[in-house]
Structures are given as C-alpha cells and as structure tokens.
Amino acid sequence: MLELIIIIVAVVVVVGGGGTTLLVRSRRGAPPAPDRGVGQGTTKTAPGPSATGTAERGEAGTATAPSLEPDVAAPPARPAPPTEKPPPSAGRLVRLRGRLARSQSALGGALLGLLSSDRLDEQTWEEIEDTLITADMGVAPARQLVDELRTDVKVEGTRDPESVRSLLRRLLLEQVGVDMDRTLHTARHGDRPAVVLVVGVNGTGKTTTVGKLARVLIGDGQTVLLGAADTFRAAAADQLQTWGDRVGAQTIRSDREGADPASVAFDAVNTGIERGVDVVIVDTAGRLHTKAGLMDELGKIKRVISRHATVDEVLLVLDATTGQNGLRQARVFAEVVDVTGIVLTKLDGTAKGGIVIAVQRELGVPVKLVGLGEGPDDLAPFEPEAFVDAIVGA
C-alpha cells in the first residue's frame, strides 16, 4: 500500500516593482527540496527604489519610481535615558575651583608679591602692568586697574598681605563685572523650545561644548535635542551623536555629508517643537572665520530658525589659550550673529585669567560658561567671585 502523501502548496504572490515573491512549503514527511531558485523553497524580494534616487528595474523590466534623497534623515526614536543622571549646574565652578586655581595662582601670586613689597616705585608699577598684560587682560584694562590700585594703595597706606589681597580682589571683581547678567536663557516659550546656537572656530572645543552643555541642562532637569548643523566636518555629526547618546538627548543630523546646514537646523527646531523638548542646541560649522561663506552661512541658519522659534542664545566658543587671536575671532563672529554669551574652553591649562576681562570688554557680552578640563562635567557656569578667589587665593 502506497503511503498517503499530502501535498500542501501555499503560493503567495506579492506584486511590487514589477516582480513577484513566490513561497513554496515542502511536502509533509519529505525533506525540504534543494535550493533551485525562485519557486523552489527560496524567497526573492522584489527590488524597490534605491536610496540614491536612481531608478531600478524589477523582473518584469518595469522601472520603479526614483526616490529623492532628503537632506535630513528621518528623526530617530527617542534615545534611551542616560545611565547616570548628570549633576546639576549649581556650584560646579566652586567644585572645580582647585583646578582653576592651579592655572591662575601664578598671576595672583605675582601681583600680590609686587603689591606687598617694601617699595612701590614707578618700576614696580610698570611690572604690575606688564604682569596684567601678559595675563591677556589687554592694555587698556591693565592700565585702568593699575591706576585704581595706585590710588587705593596710597589712600589706605597699607602693605600687609591680607589688606593687599582684599584690595586686589575688590578691583578684579569690578573688572570682571559682578553685575553682568550671566543667565543662560533656556526657558520654553509656550509650545516652543528655547534655541541655543553655538558658534566658533574649529578646534576650540565647540562640538564638545555642545555635548557638555546638554549634560548640564539635563542635570538641571530639562529635556534637550541636538542639531548637527556642522555638515562640513565629517566627524562632527558622529561626535555630537555620541554625546547625545551618553546624556539621553536626541540628535538630528543629515543623512549625507555636505547637506545644507540651515536645513538641518530647521529640521532640528521643528522636531523639537513636535517632541515638546525644552531646549534645542544647534552646533554649527567652524571653518576659518576669515571665510565670508561661513559668516553668510551662520546668518542664514539664524534667519531660518527665527521663522519658527526664538534664538534665545548665541554662544561663541573661544579657546582661552589663544589670547589676542581669540579676540579677533570674537569680533568677526559678533558682527554676524549678535553673540549673547561667551564660552571659554581650556581655562585650566596654560590660559591666563585676563582673557575673561578682555573678551567681555571687547564684545560687551558676558562670559557665561567656562571649560576646566576634559571630563564630561568640566563645563561650569561662570561665577565671578569663585574665579577671582582662585586668582588671589582667597
């Protein structure tokens, strides 16, 4: 008696792009048929439109419609929350004061030594002025501070170290500007997020600053979205996305190199509105500031964003070790995008504290954030008292 063989054949025909998909299930009780092509135990998926926008042909020879590649990739899903909650911004500079003091103590020590010497003659005052200029304070602020020191020392008639330290502290605080508004404006506007535009020359730590700033804001309980509008530096978007993944911030980036930066910024802001985030931080390109094209590009980014949201902050990132070169950069950027605050990076290295006074005097805008190391939590709100205390050793 012949064995009863039941053959169940399921044929599924899927039409797409001129091709078909045929799936055959093998006989019950028999081993699967060997792979011999379409229709005999294999699955073939019909070709679809290519990612490059060129037409492809299916089995029937019919050309599929081309797909236009967008400038900006579709927003990814919300990132997973960070593995650790970043610390809040309050008191960060105080906690990092020891690191700041190590780089500024030479300045304070030199000034205190000169001021408390037995003789304060013309040569000594010239040495004090030279010390301040060498500390990147600038000629005009240095001369002003020396004039005030000479007057106060003559009036008070004291040379003991504590009195001199107190006098120097007071005058430095006046120069740094305790009354300047250093508030970082990151509050939502109804249904619109705050927007922070970060600008600066490549190499100053701009993209890293964006990531660290996101960490600061998330530590303060805000939700953040990052926009990778530096589309001309190959690693910039990857670097920013890495920071976003670390802190739990979504990153909007282009799906191709060299895309229009304003388009990426526009998409980031719109996504921020849709997702209801508190702050959108946009990283921008930082090629040589002497290139007119870059300045035009920054102006365009700001104009495009302003059509849908308020640009609350334009933060200029400067390398604190560059001295007068940093001031030249600051002047050029300020003419284009109305800088609202300065971020000084690398203030813990060979930087001299006078740059804080010089850049504020040059632009008329405050230093709002300082970078004091390579760690993720080494970006801190600038606090004049803690900064000056680190200089004079108070």
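The structure under discussion appears in the preceding block.
Residues numbered from 1 in each chain as written. Predicted model: local features only at pLDDT ≥ 70, side-chain atom pairs only at ≥ 80, totals over all residues. Heavy atoms only, no water.

1. Quick notes on the environment of aspartate 152
Quick note on the threshold: Helix numbering and strand numbering both begin at the N terminus, where a helix is a DSSP run of H or I of at least 4 residues and a strand a DSSP run of E of at least 2. Residue contacts are defined here by distance: any two heavy atoms, one from each residue, within 4.5 Å place the two residues in contact.
Structurally, the position occupied by aspartate 152 is in helix H4 (residues 139–156). With near-sequence residues (within four places) excluded, aspartate 152 lies in contact with Gly157, Leu167, Arg170 and Leu171.

2. Description of the pattern of salt bridges
This is how it is decided: One side-chain nitrogen of Lys or Arg within 4 Å of one carboxyl oxygen of Asp or Glu is enough to make a salt bridge. Throughout, exposure labels follow a simple rule: accessible area from a 1.4 Å probe, protein chains only, divided by the maximum for the residue type, with under 20% read as buried, over 50% as exposed, and the rest as partly exposed.
Evaluation of the coordinates by the stated rule reveals 17 salt bridges. The partner of aspartate 283 in a salt bridge is lysine 206, with the nearest N and O atoms 3.1 Å apart. Residue aspartate 283 is found in strand S6 (residues 279–284), and its partner lysine 206 is found in helix H6 (residues 206–219); the two are separated by 77 residues along the sequence. Residue lysine 206 is classed as buried on the basis of its relative accessible area of 3%. In this structure, a network of salt bridges that share partners links the residues Lys206, Asp230, Arg233 and Asp283.

3. Section: the side chain of aspartate 389
Stated formally: Pairing of N or O atoms within 3.5 Å defines a polar contact, subject to two protein rules: one partner must be a possible hydrogen donor and the other a possible acceptor, and residues neighboring in sequence count only if both atoms are side-chain atoms.
Relative to the assigned elements, aspartate 389 resides in helix H12 (residues 384–392). Under the relative-accessibility criterion, aspartate 389 is labelled buried at 13%. Of the polar contacts made by the side chain of aspartate 389, one reaches the side chain of arginine 169; its length is 2.5 Å.

4. Considering unusual backbone geometry
Positive phi, close to 70°, is recorded for aspartate 136, a residue that is not glycine. Position of aspartate 136 among the secondary structure elements: in the loop between helix H3 (122–134) and H4. One non-glycine residue with positive phi stands out, namely lysine 346, at about 60°. Summarising the element assignment, lysine 346 is placed in the loop between strand S8 (341–345) and helix H11 (354–363). What makes lysine 346 partly exposed here is its relative accessible area of 34%.

5. Regarding the pairing of S8
Our working definition: Should DSSP find at least two bridges between two strands, the strands are taken to pair. Note on handedness: a clockwise path from strand one over the helix to strand two, with the strands aimed away from the viewer, defines a right-handed crossover.
With five of its five residues buried, S8 lies for the most part within the structure. Because side chains alternate across S8, one face comprises the buried residues Gly341, Val343 and Thr345, and the other comprises Ile342 and Leu344, equally buried. As judged from the five bridges shared by strand S7 (residues 311–319) and S8, these two strands associate in the parallel manner. Note that in S8 the partner of valine 317 across the bridge is valine 343. For the handedness criterion, the β-α-β arrangement of S7, helix H10 (residues 324–337) and S8 is classed as right-handed. Inspection of the sheet shows S8 paired to strand S9 (residues 367–371) by three bridges, in the parallel sense. Its bridge partner being in S9, valine 343 is matched across the sheet by leucine 369.

6. Some remarks on the environment of aspartate 230
Within the secondary structure layout, aspartate 230 lies in the loop between strand S4 (224–229) and helix H7 (236–247). According to the relative accessible area criterion, aspartate 230 is buried, its value standing at 3%. Between the C-alpha atoms of aspartate 230 and threonine 284, which are 54 residues apart in sequence, the distance is 4.4 Å. Separated by 3.5 Å, the side chains of aspartate 230 and arginine 233 make a polar contact.

7. Description of the packing of H3 against H4
Rules: Here, axes are lines fitted to C-alpha atoms. For helices the fit covers the stretch in contact, and angles between N-to-C directions go from 0 to 180 degrees. With respect to orientation, any angle under 35 degrees is reported as roughly parallel, any angle over 145 as roughly antiparallel, any angle of 65 to 115 as roughly perpendicular, and every other angle as oblique. Each crossing gets its handedness from the near helix: less than a right angle anticlockwise from the far helix is left-handed, clockwise is right-handed.
Running from amino to carboxyl end, H3 crosses H4 at an angle of 140°, the nearest separation of the two axes being 9 Å. The orientation of H3 with respect to H4, classified from their angle, is oblique. Crossing handedness for the pair H3 and H4: right-handed. Where H3 approaches H4, its residues Glu122, Trp125, Ile128, Glu129, Leu132 and Ile133 are matched on the opposing element by Val139, Ala142, Arg143, Leu145, Val146, Leu149, Arg150 and Val153.

8. Observations regarding the environment of glutamine 329
The topology assignment puts glutamine 329 in helix H10. Taking the C-alpha atoms as reference, glutamine 329 lies 8.1 Å from leucine 318; in sequence the two are 11 residues apart.

Any link to function would need more than the numbers given here.
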